[in-house]
Amino acid sequence: MIKVTVWNENRHEKKNPVVSEIYPKGIHGAIAEFLQKEDHEVRTATLDEQEHGLTDEVLANTDVLVWWGHLAHDEVQDEIVEKVQQRVLDGMGLIVLHSGHFSKIFKKLMGTSCDLKWREADDKERLWVVDPAHPIAEGIGEYIELEKEEMYGEHFDIPAPDELIFTSWFEGGEIFRSGCTFKRGNGKIFYFRPGHETYPTYHNEQIQQVIKNAVNYVKPVDRKRPVYGNAQPLETISEK
């Protein structure tokens, strides 16, 4: 059983009736609901909870952290960001969704601005599978088509991904690297682009399937972590 924590700043749902109508239980609630059907142990956490809901105990008992943020990236405490970063380096999986590209934790792990072009104009989006052998693409056809989404366009200022699984085309002509994996320390990260709050993207079964697959992909490897620091020799060192 994978222990999943779905984190969401939960601000749009409180301010925008369109968002609260689409996601009456919040974006975090919608994502948690379909992940629970996979027999994972799922909890949610939000920005306004104590320690943003990411206490030491919660993080220690999280195999995969799913992150959605937009309006309030700057309100996330640096101390919490550092703790999440350390958990990723120790092996926890991280899935960063949509506007989480600008979150403190993603930028810290990437080491770049993570900036991009964007436009809200009801663009059609077609997410092409460019790595059909990848486990995150399992059960997905040649592409996923979304009738309306926010456009993100290149250049996306991230390091070269370890793996590129989805590339998006938008009705306005832009393209975007929409499904990327990265390794940091002992942990794996998956960035997945779609999910603007005013569209029902997380109710789309194919989008749900990608996130389900990603949880299984970025979960920690079941092995002892490497030991760092000063090390004793494994063999006898001869005197010179």
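Residues numbered from 1 in each chain as written. Predicted model: local features only at pLDDT ≥ 70, side-chain atom pairs only at ≥ 80, totals over all residues. Heavy atoms only, no water.

Topic: the packing of aromatic side chains
The relation between two aromatic rings is expressed through the spacing of the ring centres and the mutual angle of the planes.
Part 1 of the argument: Overall, the coordinates contain 10 aromatic pairs when judged by the stated rule.
Part 2 of the argument: Where Y152 meets F176, the ring centres are 5.7 Å apart and the plane angle is 70°; that geometry is what we call edge-to-face. Placement of Y152 in strand β6 (residues 143-153) and of F176 in strand β8 (residues 175-184) is noted, with a sequence separation of 24 residues between them. The pair formed by Y152 and F176 is uniform in burial state, with each residue classed as buried.
Part 3 of the argument: Three or more aromatic residues joined by ring pairs form one cluster here, namely F106, Y152, F156, F176, F182 and Y191.
Part 4 of the argument: We note K107 situated over the ring of F102; from NZ or CZ to the ring centre the distance is 4.7 Å.
Part 5 of the argument: Over the aromatic face of Y143 sits the side chain of R126, whose NZ or CZ is 5.5 Å from the ring centroid. (Phe/Tyr/Trp six-rings, centres within 6.5 Å; stacked < 30°, edge-to-face > 60°. Helix = DSSP H or I, 4+ residues; strand = E, 2+ residues; numbered from the N terminus. Buried < 20%, exposed > 50% of the residue type's maximum accessible area, 1.4 Å probe, protein only. Lys NZ or Arg CZ within 6 Å of the ring centre and 35° of its normal.)

Quick notes on the pattern of salt bridges
Part 1 of the argument: According to the stated counting rule, one finds 14 salt bridges in the structure shown.
Part 2 of the argument: Note that E149 is salt-bridged to R193, the shortest N-O span being 3.4 Å. Taken together, the residues span a long stretch of sequence, with E149 in strand β6 and R193 in the loop between β9 (187-192) and α7 (205-218) at a distance of 44 residues.
Part 3 of the argument: Beyond isolated ion pairs, a larger network of salt bridges with shared partners links R11, K14, D48 and E75. (Salt bridge = Lys/Arg side-chain N within 4 Å of Asp/Glu carboxyl O.)

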